[in-house]
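Spelled out from the first residue to the last, the chains are:
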Amino acid sequence: TLLFTSATTSAGLVEDLQKGIVERFRSLPMSRAAVLAGRTAADMVRNIGVVLVITGMGYITGFRFLGGRGSFLAGIGVALLFAYACSWGFAVIGLCAPSSEIAQIMAFPILFPMTFASSALVPVQTMPTWLRGFATHQPVSVVIDATRSLMSGPLATSVIHVAAWTSTWQALVWSTVAIAVLVPTAVWRYRCRV
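Every value quoted in this text rests on a predicted model; they were computed, and no experiment measured them.

Caption draft 1: Spatial organisation of the overall build of the chain. If you tally the helices and strands in the chain, you get nine helices and zero strands. Counting helices and strands in the order they occur from the N terminus, the chain gives α-α-α-α-α-α-α-α-α. For 194 residues, the compact-globule estimate of 2.2 N^0.38 gives 16 Å, and the C-alpha radius of gyration of the chain, at 18 Å, lies within 12% of that figure. Oriented by its inertia axes, the alpha-carbon framework of the chain measures out at about 55 × 40 × 30 Å. Taking all 194 residues of the chain together, the buried fraction comes to 43%. Of the contacts made within the chain by residues no fewer than 6 positions apart, 75% connect residues no fewer than 24 positions apart. Entry remark: accessible area of the chain is about 10300 Å², with carbon and sulfur atoms responsible for 71%. Put simply, the chain has 13 plus and 6 minus side-chain charges, and the middle of one group is 6 Å from the middle of the other.

Next up, the structure:
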């Protein structure tokens, strides 16, 4: 859900460019990156709202956070960090698209394989062998595995503890590398576009 919510960054950014809001910002003495940082920060606030709704629905339907509050918050933090990184990626897409409709179309070839060829909906072990390698190591699966391992079980067991920390560190590395690459790319593309 957070990945699909982050994808709206591309369409929103294109609409801001088309409506002339960005032109007004250009006349102000501020960093070029501020417009992009503001857009991705606003989308992060929306993602927090999405997390609250989904958490509430999960709690109503019987999910309990067996790992404790700290593990629950760590799991949410990992998911939100990844969503923030994805927002920067979708900002790059939005800066390459001529319209918001095209931006949404450009986002779907990324969204669908990353979502449906991941551990989000089915266990990776049930996938065909040709798909299993990709599904196991792609960032969405890593983030989902980290979030699940942090939230769904007590960390007192050493097996769960090792799995939780391994997937958590992998998720943090994926998110950090994505942010390190996508933020400068988005700023560069923004400078070229405006």
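Resuming the write-up.
Caption draft 2: Structural context of a nonpolar patch on the surface. A contiguous nonpolar surface patch, about 540 Å² in accessible area, is contributed by F4, F108, F112, F116, L121 and V122. Tallying contributions element by element places helix α6 (residues 100-116) first for the nonpolar patch, with three residues. Its location among the elements puts F4 in helix α1 (residues 2-6). Given the relative accessible area of 32%, F4 is considered partly exposed.

Caption draft 3: Structural detail: the packing of helix α5 (residues 69-96) against helix α8 (residues 139-151). At a closest axis distance of 7 Å, the pairing of α5 and α8 adopts a crossing angle of 165°. Looking at the two axes, α5 sits roughly antiparallel to α8. Crossing hand, α5 versus α8: left-handed. Only P139, V140, V143, A146, T147, L150 and M151 of α8 make contact with α5, whose side of the interface consists of S71, F72, A74, G75, I76, V78, A79 and F82. Partitioned by chemical class, the residues of the contact of α5 with α8 number twelve nonpolar, three polar and no charged.

Cut-off values and rules
Residues numbered from 1 in each chain as written. Predicted model: local features only at pLDDT ≥ 70, side-chain atom pairs only at ≥ 80, totals over all residues. Heavy atoms only, no water. Helix = DSSP H or I, 4+ residues; strand = E, 2+ residues; numbered from the N terminus. Rg over C-alpha atoms; globule rule 2.2 N^0.38 Å. Buried < 20%, exposed > 50% of the residue type's maximum accessible area, 1.4 Å probe, protein only. Contact = heavy atoms within 4.5 Å. Areas by Shrake-Rupley, 256 points an atom, 1.4 Å probe, with all protein chains shown as cover. Lys, Arg positive; Asp, Glu negative; His and termini not counted. Charge placed at Lys NZ, Arg CZ, Asp CG, Glu CD. Patch = residues over 30% accessible without salt bridge, like charges linked within 9 Å, V, L, I, M, F, W, Y side chains within 5 Å. Salt bridge = Lys/Arg side-chain N within 4 Å of Asp/Glu carboxyl O. Axes fitted to C-alpha atoms, helices over the stretch in contact; angles between N-to-C directions. Parallel < 35°, antiparallel > 145°, perpendicular 65-115°, else oblique. Left-handed = near helix turned anticlockwise from the far one by under 90°. Nonpolar A, V, L, I, M, F, W, Y, C, P; charged D, E, K, R; others polar.

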